[in-house]
Amino acid sequence: MARESNSNKRGQIDPHRAGEAKKYDNPIPSREFIIEQLTEYGAPIGFVELAELLRLYKEQDLEALSRRVNAMERDGQVVRNRRGGICVVNHKDLITGRVIGHPDGFGFLKPDDGGEDLFLSPRNMRPLLHGDKAVVRIVGVDRRGRKEGAVVEVLERGNHQVVGRIYLESNVGFVVPDNKRIHQDLVIPVDDQGGAGHGQMVIAEIVEQPNKRSPPIGRVVEVLGDHMAPGMEIDIAIRTHELPVEWPEAVADEVLAFGDEVPAEATQGRVDLRRLPLVTIDGADARDFDDAVYCEKKPKGWKLLVCIADVSAYVMPGSALDREARARGNSVYFPDRVIPMLPEVLSNGLCSLNPDVDRLCMVCEMHIDHAGKITRSRFFEGVMRSHARLTYDKVAAMLLDGDPKLCERYAELLPHLHELYALYQVLHRSRSVRGAIDFDTTETRIIFNDQQKVDTIVPLVRNDAHRLIEECMLAANVAAARFLLRKKLPALFRIHEGPTADRLEDLRAFLAELGLFLAGGDTPDAKDYADLLNSVKDRPDAHLIQTVLLRSMSQAVYSSDNIGHFGLSFPAYTHFTSPIRRYPDLVVHRAIKHLLAGGDKHDFEYGATELETLGEHCSATERRADEATRDVVSWLKCEYMMDKIGESFDGTITSVTSFGIFVELDEIYVDGLVHITSLDKDYYHFDPVGHRLTGERSGEVYRLGDRVRITVAAVNLDERKLDFVLVEKRDSKGAGPAAKRRARKRKAKAVAKAANPNSNKPNSKKVEQRAEQPKKKRKKASDKKQAKKRDKSKNARKETKKGKRSKSKKV
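Bear in mind that the values here come from a model prediction, so they are computed numbers and not experimental data.

1. Focus: the overall build of the chain
- When its secondary structure is counted, the chain shows 19 helices and 33 strands.
- A total of 811 residues make up the chain; the buried ones form 48% of that total.
- If you take every contact in the chain between residues at least 6 apart in sequence, the share linking residues at least 24 apart comes to 64%.
- When the accessible surface of the chain is totalled, it reaches about 41,300 Å², and 49% of it is carbon and sulfur.

2. Brief notes about the sheet that holds strand β20 (residues 374–385)
- Pairing in this open sheet of 5 strands is mixed, and the strands run β13-β20-β19-β16-β15 from one edge to the other. Edge positions in the sheet fall to β13 (271–272) and β15 (291–298), since each has one partner strand and no second.
- Strand direction decides the pairing type here: β15 and strand β16 (residues 301–309), joined by 8 bridges, are antiparallel. Note on β16: the bridge partner recorded for Y294 is L305.
- Packing of helix α11 (residues 414–434) onto the sheet brings it into contact with β15, β16 and β19 (358–369), and relative to β15 it is tilted by some 85 degrees.
- In the packing of helix α12 (residues 464–486) onto the sheet, contacts are made with β15, β16, β19 and β20, and the angle to β20 comes to roughly 105 degrees.

3. Thoughts on the side chain of S559
- Here S559 lies in strand β25 (residues 557–559).
- Of the polar contacts made by the side chain of S559, one reaches the backbone nitrogen of D561; its length is 3.0 Å.
- Setting aside residues no more than four positions away along its own chain, S559 makes contact with A491, L492, F493, I495 and E612.

4. As for unusual backbone geometry
- Unusually for a residue other than glycine, E667 sits at a positive phi of about 70 degrees.
- Summarising the element assignment, E667 is placed in the loop between β27 (660–665) and β28 (671–675).
- Positive phi values are uncommon outside glycine, yet Y669 reaches one of about 55 degrees.
- On the secondary structure map, Y669 appears in the loop between β27 and β28.

5. With respect to the pattern of salt bridges
- For the coordinates displayed, the defined rule picks out 41 salt bridges.
- The salt bridge partner of D718 is R165, with a shortest N-O separation of 3.0 Å. On the criterion of sequence distance, the pair formed by D718 in the loop between β32 (707–716) and β33 (721–729) and R165 in strand β8 (residues 161–169) is long-range, its members being 553 residues apart.
- Taken together, the salt bridges that share partners define one network made up of R270, D310, E381 and K593.

6. A look at the sheet that holds strand β26 (residues 648–657)
- The 5 strands lie next to each other as β26-β27-β28-β33-β32, forming a closed barrel whose pairing is mixed. Ignoring which end each strand starts from, the neighbouring axes of this sheet average 50 degrees apart.
- By the bridge criterion, 8 bridges tie β32 to β33 in an arrangement that is antiparallel. Along β33, the bridge assignment pairs N716 with K721.
- The strands touched by helix α17 (residues 608–641) within the sheet are β26, β27, β32 and β33, with β32 carrying the most contacts at an inclination of about 95 degrees.

7. Focus on the nonpolar core
- Counting residues in hydrophobic clusters, the biggest one holds 97 residues, and the most contacted among them are M366 and F576.
- Residue contributions to this core peak at 12 residues, all from α12.

8. Considering α12
- With 23 residues, α12 extends 33 Å between its outermost C-alpha atoms, agreeing within 8% with the 33 Å of an ideal straight helix rising 1.5 Å per residue.
- Counting buried positions along α12 gives 18 out of 23 residues, so the element sits mostly inside the fold.
- Measuring from the side-chain oxygen of the N-cap residue of α12 to the backbone nitrogen of A465 gives 2.9 Å; that N-cap residue is N463.
- Positive backbone phi, approximately 55 degrees, marks K488, located one or two places after α12.

9. A few points about the pairing of β8
- For β8 and strand β11 (residues 201–208), the ladder comprises 5 bridges, and the chain directions are antiparallel. Residue V163 lies in a different strand from β11, and its bridge partner there is I203.
- Judged from the 6 bridges that link them, β8 and strand β9 (residues 172–177) form a sheet pairing that is antiparallel. Bridge pairing in β9 links E169 to V172.
- As consecutive antiparallel partners, β8 and β9 are separated by 2 residues, and within that stretch S170 has a phi angle of approximately 55 degrees, a positive value.

10. Quick look at a negative patch on the surface
- Taken together, the side chains of E116, D502, E505 and D506 make up a negatively charged region of the molecular surface.
- Looking at the secondary structure, you find D502 in helix α13 (residues 501–513).
- Looking at D502, the relative accessible area reads 57%, which means it is exposed.

11. Side note on the packing of α11 against α12
- Viewed as axis vectors pointing N to C, α11 and α12 meet at an angle of 70 degrees, and their least axial separation amounts to 9 Å. Classified by the interaxial angle, the pair formed by α11 and α12 is roughly perpendicular. Residues L420, Y421, Y424, L427, H428 and R431 of α11 form the contact with α12, whose own contacting residues are D464, R467, L468, E470, E471, C472 and L474.
- Within the contact of α11 with α12, the residues separate by chemical class into 7 nonpolar, 1 polar and 5 charged.

12. Focus: the pairing of strand β30 (residues 692–695)
- Direction of pairing for strand β29 (residues 684–687) relative to β30: antiparallel, over a ladder of 4 bridges. Bridged to D687 within β30 is R692.
- Hairpin connection from β29 to β30: 4 residues lie between these consecutive antiparallel strands, with H691 at a positive phi of about 55 degrees.
- Both β30 and strand β31 (residues 701–703) contribute to a ladder of 3 bridges, which runs antiparallel. Residue pairing across strands places L693 opposite Y702, the latter belonging to β31.
- Once β30 ends, the chain turns through 5 residues before running back antiparallel as β31, passing G699 with a positive phi of about 75 degrees.

13. What to know about the packing of aromatic side chains
- Counted by the stated rule, this structure contains 12 aromatic pairs.
- Plain terms: the ring middles of Y529 and F566 are 5.5 Å apart, the flat faces sit at 90 degrees to each other, and that makes the pair edge-to-face. Of this pair, Y529 sits in helix α14 (residues 526–536) while F566 sits in the loop between β25 and α16 (583–596), and the two are 37 residues apart along the sequence. Across this residue pair, the class does not change: Y529 and F566 are buried.
- Ring-pair connections join several aromatic residues into one group, and the members of that group are F106, F108 and F119.
- Between K297 and the ring centre of W302, over which it is positioned, the NZ or CZ distance is 4.7 Å.
- The residue whose ring lies beneath K729 is Y702, and the NZ or CZ to ring-centre distance is 5.6 Å.

14. So, the environment of Y669
- In this structure the C-alpha to C-alpha distance between Y669 and T444, which are 225 residues apart in sequence, comes to 7.5 Å.
- Setting aside its immediate chain neighbours within four residues, Y669 contacts T442, T444, I457, P459, K637 and E664.

Parameters at a glance
Residues numbered from 1 in each chain as written. Predicted model: local features only at pLDDT ≥ 70, side-chain atom pairs only at ≥ 80, totals over all residues. Heavy atoms only, no water. Helix = DSSP H or I, 4+ residues; strand = E, 2+ residues; numbered from the N terminus. Buried < 20%, exposed > 50% of the residue type's maximum accessible area, 1.4 Å probe, protein only. Contact = heavy atoms within 4.5 Å. Areas by Shrake-Rupley, 256 points an atom, 1.4 Å probe, with all protein chains shown as cover. Pairing = 2+ DSSP bridges. Axes fitted to C-alpha atoms, helices over the stretch in contact; angles between N-to-C directions. Polar contact = N/O pair within 3.5 Å; in protein donor to acceptor, adjacent residues only side chain to side chain. Salt bridge = Lys/Arg side-chain N within 4 Å of Asp/Glu carboxyl O. Core = buried A, V, L, I, M, F, W, Y, C linked by side-chain atoms within 4.5 Å. Expected span 1.5 Å × (residues − 1). Patch = residues over 30% accessible without salt bridge, like charges linked within 9 Å, V, L, I, M, F, W, Y side chains within 5 Å. Lys, Arg positive; Asp, Glu negative; His and termini not counted. Charge placed at Lys NZ, Arg CZ, Asp CG, Glu CD. Parallel < 35°, antiparallel > 145°, perpendicular 65-115°, else oblique. Nonpolar A, V, L, I, M, F, W, Y, C, P; charged D, E, K, R; others polar. Phe/Tyr/Trp six-rings, centres within 6.5 Å; stacked < 30°, edge-to-face > 60°. Lys NZ or Arg CZ within 6 Å of the ring centre and 35° of its normal.

This is the structure in structure tokens:
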């Protein structure tokens, strides 16, 4: 029967049947085979007819097929028509993707296959919410030249619960979502308000999703508490982004089988590295250690071992642990809390390379020459014992400062650390030759006080120890990608596309204004970017140029289609080094193990289509984690600034928009908006290519990278926004008298506004007076005109009389 379940009526065999049999006890045709059969059929087909076409007759086979078709529909591979017929999505006419909502009611569809986003009008957004997956058809082009889509079908809902503040009006409740991209408020009937008070933070379950005629309807399932309660920001972010926090019961049951130590039988058949002085090097506050390194000098260069925790030895495909890890996609790191991808018994226990305990590992052994090139590499399963848990600061103190106490304490390890540092210097030079882009960005760390309030915000300083480990991990990731490509096994790659044609055109126009040029023609590579960055590093506007270059690039994602990594300048790159906190790394480990066991692409448990879907999912969970972390950090920074309203700070313009400028403050690294209405009384023209606002009358220019001084005017915790008013542009010190007078006026106005935030509220009496002014002016002008006419007429009559008198005298 297994043969029947993997073939069709014409006897065609599913080429992926071996992989399906490996994953399932009762295998059915793979997604690829189903799509192939639907394409050949050439018309919509009913479920019964599809099952007959695939020779599936048993009840359990039909149930498995039903689940698979539903999953394919959810992933946008097939669609059902109004009669229930199943057909392959025609990507020329129908486009599948994720909805990106906008607070103003419109939205965009981000296609799964990449390409240009489709505009969705407010009318087309009525049945949708941010995060939904939908199929749309192109209906035309809007007035701004963007392709516009209309909804054909909603495949998957992205929101099942919404976090927000509840407002009670006439027995009807409305939950205003905390996530501003969810543009529709939830209607909460009086019986479903769960005892929530007006203005409290709640979690509302969506009972009815929105449609073309009605908004979403929900019910309160949990009252989180009052607004601004301590720790509320993380609870809100977890619920808003639907981050999995609790472990399912099945996962808890599987975890009980793990002990505290690696069993002796698990080490059988592995290479024993326990006597090798491997060490972990991480941050001082790190809790899980998934990589260890060792380096020794060789006649032609160095031998580098990168040992990674063998998570795949404990998390089996299809297990409850695996399903939960896949759903989470990655660990989420908040300023004072971590939501791990794996339970702590693994992430901080059996899979963490803690010192002086046996641990299973996957090893990447590389031989690297004096030019920094990997001459050969191999992978194998090992068992190791970390000889020390080192921190970046300790390693830097030993290698750069020669700290005598630390050098004495780690005397046995010091020779290997020196070889690591020597290898790092070679790899770093190789990075420069290769042309990898190295942007100089500032990351921050939030320090809390005893009351769990923000005490300070400090920059994270990177030293050579950070870069040393980074280069070792990059080398191992590249070796893994090469190995998978060489064996022609489908895999997940970390890809990064170069700049789009539109962005490149805008970038070149911006650089031309500065007298700069980006080499590479229509297809510049990373080296062209790196060379330009290196040439401007001593210029005063280097930060401005770097920011514009960075914004011209796309975001790195996971994909089964390897197109290389533009930013790192690698033709092939993957993630191998962090399987404790990233699911794609776990998939790569399984692929390598499959090859080491003698397998090939025909019996691999992951097909190309499944890997592509998995790549999209992991890219989405990565973005979800970034957005959740950004929300929390923004909230904390706003809370930190609440007692600083009225104070003035120096800062740098980090973004220029049509509605104002964003300024990042020095030393405290928070940013806020100086709205265009708070600038000098002038008409400002926005230049998106030049990243500047220019005053029509005054000629004042506010540009990306300019130094300014601002006053904090307002803090909005709900929207996580800071409002600034401009005091002065720091560049004005060398300006003329007129510019200095304008700067002094701005400063006085900003100080007055900060002292009295309500001063800008309109006075009804004054408004009425201003409204009357045009009428009075028109009346006054009219009166003057009439008076002028009367005077002219009077003068004319006088001249006439005078003329008559003169004539009579002459006669």
